[in-house]
Amino acid sequence: MPTTKVLVIDDNEAHAEGLAELLELSGYDAFYATSGQQGIDLALSHRVDAVLLDINLPDMSGYEVCRRLRTEQEIADLAIVFHTAATPTGVHHQADAFLTYPIEMSHICHVIQGCIARRKIGRTSAVSQ
């Protein structure tokens, strides 16, 4: 069974690296990026299953990263989970979930797995129609 690939995109390198390490310990193949463009590039090159995406990035907003990822045909069905310390002002319609810190690591993993599963179900039903 292939390992689930998760990309963490966060402008705080220590936070991004720490989350990636915790995801690795939870059984994921995890990568991290500290800018929006770097994250988009890694998502494409590694064909990730999910992205844990911060809103505040140095080169573009997490919302813009989400929009761009959804336009990439090869990975348009990946799960996107926003994570932030701030209270969200609204839910971004292209994201699968929105988490605010503090968050238990087990909850992050549960949300990621649920979002990936829903995306796979959607892909299967779209193919069968």
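The preceding data block contains the structure.
As the structure is a prediction and not an experimental result, all values here were calculated from the model.

Q: How would you explain the sheet that holds strand β4 (residues 79–84) if you had to name every residue and give the values?
A: Here five strands make up an open sheet; going across it, the order is β2-β1-β3-β4-β5 and the pairing parallel. Pairing within the sheet leaves two strands with one partner each, and these edge strands are β2 (29–33) and β5 (97–100). Pairwise comparison of adjacent strand axes, ignoring direction, gives a mean angle of 20° for this sheet. Bridge count for strand β3 (residues 50–53) against β4 is four bridges, and the pairing is parallel. Residue Leu53 lies in a different strand from β4, and its bridge partner there is Phe82. Across the sheet, helix α3 (residues 62–71) lies against β1 (5–9), β3, β4 and β5, angled at about 175° from β4, the strand it touches most.

Q: Lay out the side chain of Arg70 with the relevant residues and their values.
A: By secondary structure assignment, the location of Arg70 is in helix α3. At a separation of 3.0 Å, a polar atom in the side chain of Arg70 contacts the side chain of Asp96. Not counting residues up to four positions away in its chain, the partners in contact with Arg70 are Ala76, Asp77, Leu78, Ile80, Gln94, Asp96 and Arg119.

Q: Give a detailed account of helix α2 (residues 36–46), specifying residues and quantitative values.
A: Gly36, Gly39, Ile40, Leu42 and Ala43 are the residues of α2 that are buried. The buried residues of α2 occupy an angular sector of 165° when projected down its axis, which confines them to one face. In the core, the buried residues of α2 are packed alongside β1, β2 and α3. Just downstream of α2 lies Arg47, where phi reads positive at about 45°.

Q: How would you explain the packing of aromatic side chains if you had to name every residue and give the values?
A: In total, this model carries two aromatic pairs according to the counting rule given. On the basis of an interplanar angle of 55° and a centroid distance of 5.2 Å, the ring pair of Tyr63 and Phe82 is categorised as tilted. You can see Tyr63 sitting in helix α3 and its partner Phe82 sitting in strand β4, a full 19 residues away along the chain. Phe82 gets classed as buried once you look at its relative accessible area, which sits at 0%. Following the ring pairs from residue to residue traces out a cluster consisting of Tyr63, Phe82 and Phe98.

Q: Describe the environment of Ala30, with residues and values.
A: For Ala30, the position within the fold is in strand β2. On the accessibility criterion, Ala30 (13% relative accessible area) is buried. On a C-alpha basis, the gap between Ala30 and Ala20 in space is 5.2 Å, while along the polypeptide they are 10 residues apart. In contact with Ala30, not counting residues within four places along its chain, are Val6, Ala20, Leu23 and Glu24.

About the thresholds
Numbering of residues starts from 1 in each chain and follows the order in which that chain's sequence is written. With the structure being a predicted model, the display of local features is reserved for residues of pLDDT at least 70 and the display and counting of side-chain atom pairs for 80 or more, all residues being used for whole-chain, interface and lining totals. Excluding hydrogens and water, the side-chain values take into account all heavy atoms of the structure. Here the rule is simple: two strands pair whenever DSSP picks up at least two bridges between them. The secondary structure listing takes helices from DSSP runs of H or I that are at least 4 residues long and strands from runs of E that are at least 2 residues long, numbered from the N terminus. Interaxial angle, 0 to 180 degrees, is taken between N-to-C directions of lines fitted to C-alpha atoms, where a helix line uses only the stretch in contact. The contact criterion used is simple: two residues touch if any of their non-hydrogen atoms lie within 4.5 Å. Counting of polar contacts relies on pairs of N or O atoms within 3.5 Å, with two restrictions inside protein: one atom must be capable of donating a hydrogen and the other of accepting it, and residues adjacent in sequence are counted only when both atoms are side-chain atoms. Residue burial is assigned from relative accessible area. The probe radius is 1.4 Å, only protein chains are included, and a residue is buried under 20% of its type maximum, exposed over 50%, and partly exposed in between. Starting at the helix axis, one direction is taken to each C-beta atom, and the arc is that of these directions. Stacked, tilted and edge-to-face are the three classes applied to pairs of Phe, Tyr and Trp rings, where Trp contributes its six-membered ring and a pair requires centres within 6.5 Å; stacked means planes under 30 degrees apart, edge-to-face means over 60, and tilted covers the rest.

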